[in-house]
Structures are given as C-alpha cells and as structure tokens.
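One letter stands for each residue in the lines below.
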Amino acid sequence: MSLFVFRTRAARLLCLFGALAWIGIACAQSSGANRSGPGPANVPSAHPADLNWPTRPLRLVVGFGGGSSPDFVARVLAAPMAKALGQPVIVENHPGASGNIAADIVAKSTDRHTVGILINGNMTIAKILNPATSYDPQKDLVPLSIICTAPLVLATTSEVSKADPRGFLEAARVAGNKWSYGTPGIGTIGHLGMELFKARTGIGAVHVPYQGNPQVITGLVGGQLQLALLPPGLAQEQVKAGKLRAIGVTSARRSELVPDYPTLQEAGLKDFELEIWTAAAAPASLPAPMVQRLTQVLSDVIRLPEVRQKLFQHGYEAAGISGEALVRRVKADTATLTEIIASQGIKLE
C-alpha cells in the first residue's frame, strides 16, 4: 500500500469519528432540552454556595406590622443574611388577614428574590380554616426553616384554684360551661390550642374572642375569664406580679423560657404538644439550588450566638429546624390543627 493511500484512508476515518462525536453531542443536548418535569429539575446542578445568586436585594415579606413578633424576627435575621448572601436584605411589611396577605405575595412571587417570614397558620391550616384563601400552603410554598419556637402557657387567675395542675383540671371539668377562656380571635393559635385542650380534657369552657392578648389578660385579671393560652413572656410577667397562675406549658418538654413551669404532659395530659413558631418559606417555584442555598444560610444564621440571644430575649427559643424534620413538623401540626377545626366546626366569621 502506498503512503498516499494510507494517509487518505486515515483522513477519512478521522472525519468519520469526528462526525459521529458531533452527532452524539447534538443528541445529548437535544435530549436535555426536551426533558420534561418541574422547574428545579432543569436547573444545572451546582453547589449552593457556588451559585451566582442572589443577583439583587432579597426581600423578607412579613404578614404583620412593625413591632410585631414576626417583624422582630425578620429584622434580627436581615443583617447576618445580607452578610452571608452578599446582597442587601430588605424587610417588607404587608399586614392583614392574620399574615395570609403576605403569604399569598410570597406564594405568587416569581422574582426568585422573595422569602416569607410566616407563622404557624400561614403554613399549615390557612386554606382549611378559610377556603377562600387564595393560596394553598401545601402546594404553593416550600418551607425553608422553622426559625424559632415558643410554647403557650395555660394561665388562670390566682382566685380560681390553688390546687396542683391535676386538681385544677378536675375543677375545670366540674365547672363545665360556667368558665370562659379568652383568645386574640377566632382561628388564632390560642383559640385552636384551647379547643384542642378542651377536646383532650373534656372541659366545657366557653370561648370569648378579644382584640389581642393584652385584652385577654385584662379579662383574666378582672375575673371575666378563667383560662387562656398566653405567650410565655406575657404570662410570666403577670405570674411574677401575683395576678395570674401558670398551670403548665404546651410544649413536649419544659421550655428554657420559663423553666419552672411544668408541661401539660406532666400534669397528666398525654401527647399534648403545640407551639408557636415562626418560619421562613419560599415560593414553590423557586429552583432547588436556591432553596438549598437559603436553607443553609438560615441554618448558619440561626446558630449565631447573637441571633439566639436576641430571639430568647424576645420570648423565643432558636430552632433552625429544616430538611425532613421540618417537613414532618409542618405535616404533624397541619394534621393536629385540621382535626380540631373539623371536629369543633371552627370557621372564620
């Protein structure tokens, strides 16, 4: 075989291999472009910290006004989140409908730079309690982290009973509908928690809704009410003053916020657990790598000693619950509250 013929055949083979390689690359690109599925699955895989995101200021949407507890939590997080993300973090207040207006803004956001700072109800039973709610927390929001928690304190007046917790529960059963309990309104965690308490204990106290917890405390101290579930900070202040008595906390374990208060489980109420919590959530449409980045940043920020201290001083225990534990918690609370709403026929008026 001549050298010329050999070189010619080699050149043809190289051309053939090059063509086959080009066809393979083109097919792979076409297959990737035609892949179906939700948005996050089409995002190129990348380590969350390596993302070129956020590319502009991130907004934290809060469903209550300035000075409220969710607003306080958002402002505690804003500065350290901005440092971690490399972009300003701006707190926006959109009060109304017990926080559901803000949750709806988050659920419908498509800018990839919006996060909600929400409460229990916004992320669990909003649509169950009010079918007219324009978003579905189970479908339209993705939980990022439970930032902080607090138990509720079952409080009564010092005049009602000086018995131990078990003796108090028995007195409450005997009183039937002669006793009343106060809450900040229908559908609040204080209302649903008391209805859960009634269902578990068989007491018949009558619900009296007020404008807020300060008015509930006034009703208790004045003798118009006999029971209420209060945030620990408010309850502790009145207990120390000798105006109210704490029966127990609704958490599964004693709270560091009020370590001297027993749990209701210690008082003989088995499997009773309900807490106030504030959480961060994003639109369900947010791509997975961005969700992972936010989850990690929140986890790091919540572990900061200065953040934990500020939350504690405001009446919260830092939590930082994320991942599967977060999913289980949201599902469990949704199931518990849904059951009590259905069994007691609770509806927003």
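Let us look at the structure shown here.

Criteria and thresholds
- Residues numbered from 1 in each chain as written.
- Predicted model: local features only at pLDDT ≥ 70, side-chain atom pairs only at ≥ 80, totals over all residues.
- Heavy atoms only, no water.
- Buried < 20%, exposed > 50% of the residue type's maximum accessible area, 1.4 Å probe, protein only.
- Helix = DSSP H or I, 4+ residues; strand = E, 2+ residues; numbered from the N terminus.
- Arc of directions from axis to C-beta.
- Contact = heavy atoms within 4.5 Å.
- Core = buried A, V, L, I, M, F, W, Y, C linked by side-chain atoms within 4.5 Å.
- Pairing = 2+ DSSP bridges.
- Axes fitted to C-alpha atoms, helices over the stretch in contact; angles between N-to-C directions.
- Right-handed = clockwise from strand over helix to strand, strands pointing away.
- Phe/Tyr/Trp six-rings, centres within 6.5 Å; stacked < 30°, edge-to-face > 60°.
- 1 Å grid on protein atoms, 1.4 Å probe; cavity = no way out; pocket = protein on both sides within 12 Å on 5 of 7 lines; lining within 4 Å.
- Points joined across faces, edges and corners; volume = space filled by probe spheres on them.
- Nonpolar A, V, L, I, M, F, W, Y, C, P; charged D, E, K, R; others polar.

**What to know about helix H10 (residues 232-240)**
For H10, the full list of buried residues reads Pro232, Ala235 and Gln238. Buried residues of H10 fall within an arc of 135° about the axis and therefore sit on the same side. Set apart from the buried face of H10 by more than 90 degrees, the exposed residues are Glu237 and Lys240. Summarising the contacts, the buried residues of H10 are in contact with strand S4 (141-151), strand S5 (153-157), helix H9 (213-221), strand S8 (227-230) and strand S9 (244-249).

**Quick word on the nonpolar core**
By size, the foremost hydrophobic cluster in this structure holds 63 residues, and its most contacted members are Leu77 and Met81. Top contributing element to this core by residue count: helix H2 (residues 69-85), with eight residues. Among all residues touching Met81, those that are not within four sequence positions of it are Leu58, Leu60, Val89, Leu294, Val297, Leu298 and Val301. Of all hydrophobic cores here, the second largest spans 16 residues; its members include Ala126, Leu141, Trp277 and Leu326.

**Concerning the sheet that holds strand S7 (residues 206-209)**
Taken in spatial order, the five strands of this open sheet run S7-S6-S8-S5-S9, and their pairing is mixed. Either end of the sheet is taken by a strand with one partner, and the two such strands are S7 and S9. Direction aside, the axes of adjacent strands within the sheet are offset by 30° on average. Taken together, the two bridges between strand S6 (residues 180-183) and S8 define a ladder with parallel strand orientation. Directly across from Tyr181, in S8, lies its bridge partner Leu227. Sitting on the sheet, helix H7 (residues 165-175) is in contact with S5, S8 and S9, with an inclination near 100° to S9. Across the sheet, helix H8 (residues 189-201) is in contact with S5, S6, S7 and S8; its angle to S6 comes to roughly 150°.

**With respect to the pairing of strand S2 (residues 89-93)**
Here strand S1 (residues 58-62) pairs with S2 via five bridges, running parallel. Bridge pairing links Val62 to Asn93 in S2. In the classification by handedness, the crossover that spans S1, the intervening H2 and the parallel S2 is right-handed.

**Some points on the packing of aromatic side chains**
Summed over all chains, the structure comprises two aromatic pairs. Between Phe168 and Trp179 the ring centres are 5.7 Å apart and the planes differ by 35°, which places this aromatic pair in the tilted class. Here the residue Phe168 occupies a position in helix H7, and Trp179 occupies one in the loop between H7 and S6, the gap between them amounting to 11 residues. Taken as a pair, Phe168 and Trp179 share a single burial class, namely buried. Judged by centre distance (6.3 Å) and plane angle (90°), the ring pair of Phe197 and Phe272 falls under edge-to-face. Taken as a pair, Phe197 in helix H8 and Phe272 in the loop between S9 and strand S10 (275-283) lie far apart in primary sequence, 75 residues in all. For the pair shown, Phe197 and Phe272 are each scored as buried.

**Some thoughts on the sheet that holds strand S3 (residues 114-119)**
As summarised here, the arrangement of the six strands in space is S2-S1-S3-S10-S4-S11, forming an open sheet in which the pairing is mixed. Each edge of the open sheet carries a strand with a single partner, namely S2 and strand S11 (317-321). Adjacent strand axes in the sheet meet at a mean angle of 25° when their direction is disregarded. Pairing of S4 with S10, which is carried by nine bridges, proceeds in the antiparallel orientation. Looking at S10, one finds that Thr149 is bridged to Trp277.

**Regarding the layout of surface pockets**
Its boundaries defined by the atoms lining it, the largest pocket holds a volume of some 900 Å³. Lining the largest pocket are 42 residues; nearest its centre among them are Phe64, Ser98, Ile119, Thr188 and Ile189. Elements that contribute at least two residues to the lining of the largest pocket include exactly H2, helix H3 (100-108), helix H4 (120-123), helix H5 (126-129), H8, H10 and S10. Looking at the lining of the largest pocket residue by residue, the class counts come to 22 nonpolar, 19 polar and one charged. By volume, the second largest pocket amounts to about 230 Å³. Lining the second largest pocket we find 17 residues, and of these Thr149, Arg253, Glu275, Glu317 and Ala318 sit closest to its centre. Of all the elements in the fold, those that place two or more residues in the lining of the second largest pocket are helix H12 (305-313) and S11. For the lining of the second largest pocket, the element with the highest residue contribution is S11, accounting for four residues.

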